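Here is what each chain is made of, one letter per residue.
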Amino acid sequence: KAGVTQTPRYLIKTRGQQVTLSCSPISGHRSVSWYQQTPGQGLQFLFEYFSETQRNKGNFPGRFSGRQFSNSRSEMNVSTLELGDSALYLCASSPGTVSTYGYTFGSGTRLTVV
Amino acid sequence: AQTVTQSQPEMSVQEAETVTLSCTYDTSESNYYLFWYKQPPSRQMILVIRQEAYKQQNATENRFSVNFQKAAKSFSLKISDSQLGDTAMYFCAFMKQSGTYKYIFGTGTRLKVLA
């Protein structure tokens, strides 16, 4: 059974550009969450989707957005990149409506903004 | 708001020994879930163990066990017979039983298992 797949694995962008990250959840999983991991702020919740609907959003500026498709694949977009957006972006998926059994994470996308 | 605190930034343990990682949390919720995740250099967060707050019995998964003290809001992870492959960052996480579908993570403990 394939795990959570995130692409690309590494990305270098210039300040002011925009970026789209992709996440394919485990087959059958309908809940997808995104987290930002930085040395200074640690792991912070970005947003969570279930059946194409955003159910919860973290405390990030509007430059951060996401969506989920009918096949449960998800994308997140960051516009007008800033140096502080450099981070590891982790995607996680879970099968049910309430993910109390824990999310399965991907290996992340390492974004560097220069 | 919930908070999760891991007070040990780094720890080391000899191979085959036992080590305990500490985690405390603060919440006004009665029903919630607690998790320990491991993040090796490969970056992928791997679920180690989970605990439902309404269960008094401590969770166990092979060499990994927790000491869950609900009144004290403490959730420590014990690793027995430590192996070199246990070297990783360990994160404690909190999730409300309903409503938010998000983890609140601690800052992590870097564990190094020494040969």
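Here the structure is shown first, and the text comes after it.
Basis of the calculations
- Along each chain, residues carry numbers from 1 onward, in the same order as the chain's sequence is written.
- Working convention: letters from A go to chains and numbers from 1 go to ligands, in the order in which they are written.
- pLDDT decides what is reported in this predicted model: residues at 70 or higher carry local features, side-chain atom pairs at 80 or more are listed and counted, and totals for whole chains, interfaces and linings draw on all residues regardless.
- The side-chain numbers reported here are obtained from all heavy atoms of the structure, hydrogens and water having been left aside.
- Stacked, tilted and edge-to-face pairs are distinguished by plane angle, under 30 degrees for stacked and over 60 for edge-to-face with tilted covering the rest, among Phe, Tyr and Trp rings (Trp via its six-membered ring) whose centres lie within 6.5 Å.
- Helix numbering and strand numbering both begin at the N terminus, where a helix is a DSSP run of H or I of at least 4 residues and a strand a DSSP run of E of at least 2.
- Note on classification: 1.4 Å probe, protein chains only; a residue is buried when its accessible area is under 20% of the maximum for its type, exposed when over 50%, partly exposed between these limits.
- Here, a charge over a ring is recorded when the distance from Lys NZ or Arg CZ to the ring centre is within 6 Å and its angle to the ring normal is within 35 degrees.
- Any pair of cysteine sulfurs within 2.5 Å is marked as a disulfide.

Turning our attention to the packing of aromatic side chains. In the structure shown here, the tally under the stated rule is 21 aromatic pairs over all chains. Taking 6.3 Å as the distance between ring centres and 35° as the angle between the ring planes, the aromatic pair formed by Y35 of chain A and Y103 of chain B counts as tilted. Of this pair, Y35 of chain A sits in strand β4 (residues 31-38) while Y103 of chain B sits in the loop between β10 (88-96) and β11 (104-105), on two different chains. The same class applies to Y35 of chain A and to Y103 of chain B, which are both buried. Between Y25 of chain B and Y32 of chain B the ring centres are 5.4 Å apart and the planes differ by 65°, which places this aromatic pair in the edge-to-face class. Judged on exposure class, the residue Y25 of chain B and its partner Y32 of chain B are both buried. An aromatic cluster is present here, built from Y35, F45, Y103 and F105 of chain A together with F35, Y37, F91, Y103 and F105 of chain B joined pairwise through their rings. Above the ring of Y10 of chain A, the side-chain terminus of R43 of chain B is found at 5.0 Å from the ring centroid.

The subject of this paragraph is the state of the cysteines. Among covalent bonds in proteins, the disulfide is the one between the sulfur atoms of two cysteines. Residues and elements named next belong to chain A. Enumeration over the complete set of coordinates arrives at two disulfides over all chains. The residue that forms a disulfide with C23 is C91, at a sulfur-sulfur distance of 1.8 Å. What sets the handedness of the C23 and C91 disulfide is the S-S torsion sign, and at about -60° it is left-handed. With a gap of 68 residues between them, C23 in strand β3 (residues 19-24) and C91 in strand β9 (residues 87-94) connect regions that are remote in the sequence. No difference in accessibility class separates C23 from C91, as the two residues are buried.

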